[in-house]
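Spelled out from the first residue to the last, the chains are:
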Amino acid sequence: MSMCSEFKEFALKGNVMDLAVGVIIGAAFGKIVDSLVKDIIMPIVGSIFGNLDFANMYTVLGEMPAGVENNLAALKEAGVPVLAYGSFITVAINFIILAFIIFQMVRVMNKMKRAEPEAAPEAPAADIVLLTEIRDALKKK
């Protein structure tokens, strides 16, 4: 079997295609959740805590060079080491929301699998039924 035909067989298997679709949908869904956190949830949380801006929460770890603005983007561009814990908080909230949504999806899928009626067991063959009757008759004696 040539390498091209092996690759074709591998790539066209159902599991590989399902995985590809899942990765693409997951990436798109991740962007939606990221926007939800950054554009909706974090501003609300920030306003509750007194106009707190999580995106600009950081600690400078090195010396700040002269002439550099004191904001996160300018410090990173200047190469100043900063501990951007506000960005970490935003990403952590993003992860928690995404994990919770995936958990709920898996939970619903598991309920749907359980809700499907199981197939009734097959009736035993006629010879098995006959042998069972003979066995039961011999037990009675």
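Note that the structure is predicted; figures quoted are calculated from it, not measured.

Topic: the overall build of the chain
- In terms of helices and strands, the chain carries 5 helices and 2 strands.
- When its helices and strands are written in sequence order, the chain yields α-α-β-α-β-α-α.
- Here the C-alpha atoms of the chain give a radius of gyration of 30 Å, more than 25% beyond the 14 Å that 2.2 N^0.38 yields for 141 residues.
- A principal-axis box enclosing the C-alpha atoms of the chain has dimensions of 105 × 55 × 25 Å.
- Considering only intrachain contacts with a sequence separation of at least 6, the fraction spanning at least 24 residues in the chain is 46%.
- For the chain, the computed accessible surface area is about 11600 Å², with 68% contributed by carbon and sulfur atoms.

Observations regarding the pattern of salt bridges
- Following the criterion strictly, the structure yields 2 salt bridges and no others.
- Two residues, Lys38 and Asp34, come together in a salt bridge whose shortest N-O distance is 3.7 Å. With Lys38 and Asp34 both in helix H2 (residues 14–48) and 4 residues apart, this pair spans about one turn of that helix.
- Under the relative-accessibility criterion, Lys38 is labelled partly exposed at 47%.
- Between Asp136 and Arg135 there is a salt bridge, and its shortest N-O distance comes to 3.3 Å.
- Arg135 gets classed as partly exposed once you look at its relative accessible area, which sits at 45%.

Conventions and cut-offs
Residues numbered from 1 in each chain as written. Predicted model: local features only at pLDDT ≥ 70, side-chain atom pairs only at ≥ 80, totals over all residues. Heavy atoms only, no water. Helix = DSSP H or I, 4+ residues; strand = E, 2+ residues; numbered from the N terminus. Rg over C-alpha atoms; globule rule 2.2 N^0.38 Å. Contact = heavy atoms within 4.5 Å. Areas by Shrake-Rupley, 256 points an atom, 1.4 Å probe, with all protein chains shown as cover. Salt bridge = Lys/Arg side-chain N within 4 Å of Asp/Glu carboxyl O. Buried < 20%, exposed > 50% of the residue type's maximum accessible area, 1.4 Å probe, protein only.

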